[in-house]
Amino acid sequence: EAKAKKGTGYRVYDATMNLKVMKKVELEAEARVALRENQFSLALQPQLDLKSHKLLGFEALLRWYHPDKGHISPAEFIPLLENTAFMLELDYWVINKATQLVRELNANGYPGIKVAINLSAAQFLDPSLPNFLQQQIINNDIAPSQVCLELTETVLVTDIERATSVMRKIREMGCMLAIDDFGTGYSSLSYLKSLPADYIKIDRSFISNITENADDRNIVHSTISMVRNLNLQVIAEGIETIEQHEMLCHFEAHQGQGYLISRPIPETELWNTLEDKVSSGVWKSTI
Ligand code: C2E
Ligand code: MG
Ligand code: MG
Ligand code: MG
């Protein structure tokens, strides 16, 4: 690439291109150091049964604490790392951490809780994913159904045939699949019909206006009915108010997550928070 840029014809264009490339390369290098130096961690956001407040699972969300720059949001660095070799490495690191956490939950009085893991498109289509996942499940002696992979519609539109075949393989192993950010991509009803998935997560952008905006309310309500009719479960994300929670209950969404229930909990605070919420009955234990 550097050689190709030696020509004089495209100097101005190249300079801006270079900047972008540099940024990505720099970030990738920094992220590699960060992983070695333990700057990454997981935050866990509880997923509750909306009606019973039973604690069903946690979504694992990546956190980067940089010694100089402070917290860097995944919304910032993940899109930039997308399609780098390092993103794959990081995604595998997350699977490893998340499955270990499930083992610890099982062993410490919270058995049967699921962990939901976000995967980049590249990782989902990576041929080594199914075996790696299987190995982590065996190593940690956890049930495959305790692992849920979250994919966005981007994965599906990239290569629907291949994506569907990987999805089948993952489900044959007994793991769960969720379609994340549903409604924001190129969802079509025809693909939804044949999709081997377990959960549909309705994007926060629809949930945040359901009490004020009749269009969003109707979209959410009819999406829930449709998804229920397809025998999939609905997870509403980004619930922030009691009114939203009540409306979603009334529309019969199965599960919910959001700041109203809990912000993502840093790993270091997980056990204390769990103990608090479960012993006070705010979150009902699965046992
Ligand atoms: P996502 O998977 O849709 O995750 C939901 C995001 O919404 C999270 O942001 C979460 O903290 C935030 N959120 C949850 N409840 C509320 C709420 O009530 N109100 C508001 N305003 N926000 C809420 P976060 O942690 O910044 O993650 C952003 C995105 O980065 C995620 O979106 C996901 O696409 C990606 N991501 C996070 N962790 C990973 C990871 O380990 N691997 C990959 N490949 N992507 C990840
Ligand atoms: Mg997600
Ligand atoms: Mg989401
Ligand atoms: Mg999102």
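Structure shown above.
Residues numbered from 1 in each chain as written. Chains lettered and ligands numbered in written order. Predicted model: local features only at pLDDT ≥ 70, side-chain atom pairs only at ≥ 80, totals over all residues. Heavy atoms only, no water.

Q: In this structure, what is going on with the overall build of the protein chain? I would like to understand it.
A: Assigned secondary structure in the protein chain consists of twelve helices and ten strands. Relative to the 2.2 N^0.38 estimate, which gives 19 Å for 287 residues, the radius of gyration of the protein chain is 20 Å and therefore close to what a compact globule would have. Counting only C-alpha atoms, the protein chain reaches 65 × 45 × 35 Å along its principal axes. Every one of the 287 residues in the protein chain was classed for burial, and the buried ones make up 45%. Within the protein chain, residue pairs in contact and separated by at least 24 positions form 67% of the contacts whose partners lie at least 6 positions apart. Total accessible area computed for the protein chain in this model is approximately 14900 Å², and 52% of it derives from carbon and sulfur atoms. (Helix = DSSP H or I, 4+ residues; strand = E, 2+ residues; numbered from the N terminus. Rg over C-alpha atoms; globule rule 2.2 N^0.38 Å. Buried < 20%, exposed > 50% of the residue type's maximum accessible area, 1.4 Å probe, protein only. Contact = heavy atoms within 4.5 Å. Areas by Shrake-Rupley, 256 points an atom, 1.4 Å probe, with all protein chains shown as cover.)

Q: Sorry if this is basic, but what is going on with the packing of aromatic side chains here?
A: One pair of aromatic rings is described through two measures. These are the centre distance and the angle between the planes. For the structure shown, the criterion picks out six aromatic pairs. Centroid distance Y110 to W271: 6.3 Å. Interplanar angle 45°. Geometry classified as tilted. Taken as a pair, Y110 in the loop between α3 (85–107) and β4 (114–118) and W271 in helix α12 (residues 270–279) lie far apart in primary sequence, 161 residues in all. Ring pairs connect the aromatic residues F40, W64, F77 and W93, which therefore count as one cluster. (Phe/Tyr/Trp six-rings, centres within 6.5 Å; stacked < 30°, edge-to-face > 60°.)

Q: Even after reading the chapter, I still don't get the pairing of strand β1 (residues 40–49), so can you show me in this structure?
A: Sheet faces and side chains relate simply in a regular strand, where the side chains alternate between the two faces. Within β1, eight of the ten residues are buried, leaving the element largely enclosed by the surrounding structure. Pairing geometry for β1 and strand β2 (residues 55–66), over nine bridges, is antiparallel. Residue pairing across strands places A43 opposite L61, the latter belonging to β2. Connecting the antiparallel pair β1 and β2 is a turn made up of five residues, with H53 showing a positive phi of about 60°. Taken together, the two bridges between β1 and strand β10 (residues 265–266) define a ladder with antiparallel strand orientation. Residue pairing in the sheet places L44 in a bridge with I265 of β10. Bridge count between β1 and strand β9 (residues 255–256): two bridges; the pairing is antiparallel. What sits directly across from D49, in β9, is Q255. (Pairing = 2+ DSSP bridges.)

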